[in-house]
Amino acid sequence: MVKSPSTLHLGARTVDLRAGVVRDALSEVKLTPVEQRLLAYLAEAGERAVSQDELLIHVWGYHQAVRSRTAVVSACCGLAAHLRERHPRTYVRWADETE
């Protein structure tokens, strides 16, 4: 397993994954524990696509038989909203979306 970085840089914003904080020159936003784990896992994955089932297992610790993805959608959208207003190129695209 590759370790995720403890700090991410998104333009002028810095994400401290250990503290769970997104900072820029004017503000600081505290991530929820789930958003913090989610962002750390996605940073670890790098450019690799990550499925909702994989997130349920590795971020939430749910068994593979769990099929409710509401928690994943909610957390991803919340995290994207935190980052989008701070970094306009941040987006979420579900793997099962068609172009």
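Scroll up to find the structure.
Bear in mind the structure is a predicted one, so any value in this text is a computation, not a measurement.

> Can you help me understand the overall build of the protein in this one?
Across its full length, the protein holds 3 helices and 4 strands. Starting at the N terminus and ending at the C terminus, the protein contains elements arranged as β-β-β-β-α-α-α. Expressed as a percentage of the 99 residues in the protein, the buried residues total 32%. Of the contacts made within the protein by residues no fewer than 6 positions apart, 32% connect residues no fewer than 24 positions apart. Carbon together with sulfur atoms contributes 53% to the accessible area of the protein, which is approximately 6,600 Å² in total.

> Honestly, the nonpolar core in this entry has me stumped. Any pointers?
Side chains of a nonpolar character, in soluble globular proteins, are inclined to be buried together. Grouped together as the largest cluster of nonpolar side chains are 20 residues, with contacts concentrated most on Val 15, Leu 38, Leu 39 and Leu 55. Contacts of Leu 38, omitting those with residues within four sequence positions, involve Leu 55, Val 59, Ala 75, Cys 76 and Leu 79.

> I tried to follow the environment of Glu 35 on my own but got confused; where do I start?
Mapped onto the fold, Glu 35 is located in helix H1 (residues 33–45). As for Glu 35 and Val 72, which are separated by 37 residues in sequence, their C-alpha atoms are 9.9 Å apart. With near-sequence residues (within four places) excluded, Glu 35 lies in contact with Ala 75, Gly 78, Leu 79 and His 82. At 2.9 Å, the side chain of Glu 35 forms a polar contact with the backbone nitrogen of Thr 32.

> For this particular structure, what's the right way to read the sheet that holds strand E1 (residues 7–10)?
Whenever strands of a sheet pair, they do so through backbone hydrogen bonds, lying parallel or antiparallel. In space, the 4 strands of this open sheet follow the order E1-E2-E3-E4, with antiparallel pairing throughout. Bordering the open sheet on either side are E1 and strand E4 (28–30), each of which pairs with just one other strand. Taking the axes of each pair of neighbouring strands and ignoring which way they run, one obtains an average angle of 15 degrees across the sheet.

> Whenever I open this one, the pattern of salt bridges confuses me. Can you help?
Pairs may arise between side chains of opposite charge once their charged atoms sit close together. Per the stated rule, a full pass over the model turns up 3 salt bridges. In this structure, the salt-bridge partner of Glu 28 is Arg 23, at a minimum N-O distance of 2.9 Å. Its relative accessible area of 53% is what places Glu 28 among the exposed residues. Exposure remark for Arg 23: the relative accessible area of 34% places this residue in the partly exposed category. A salt bridge links Glu 54 to Arg 48; the nearest nitrogen and oxygen atoms lie 2.8 Å apart. By relative accessible area, Glu 54 is classed as buried at 16%. Three or more residues are tied together by salt bridges with common partners; here these are Asp 16, Arg 23 and Glu 28.

Each value, and the rule that gives it
Residues numbered from 1 in each chain as written. Predicted model: local features only at pLDDT ≥ 70, side-chain atom pairs only at ≥ 80, totals over all residues. Heavy atoms only, no water. Helix = DSSP H or I, 4+ residues; strand = E, 2+ residues; numbered from the N terminus. Buried < 20%, exposed > 50% of the residue type's maximum accessible area, 1.4 Å probe, protein only. Contact = heavy atoms within 4.5 Å. Areas by Shrake-Rupley, 256 points an atom, 1.4 Å probe, with all protein chains shown as cover. Core = buried A, V, L, I, M, F, W, Y, C linked by side-chain atoms within 4.5 Å. Polar contact = N/O pair within 3.5 Å; in protein donor to acceptor, adjacent residues only side chain to side chain. Pairing = 2+ DSSP bridges. Axes fitted to C-alpha atoms, helices over the stretch in contact; angles between N-to-C directions. Salt bridge = Lys/Arg side-chain N within 4 Å of Asp/Glu carboxyl O.

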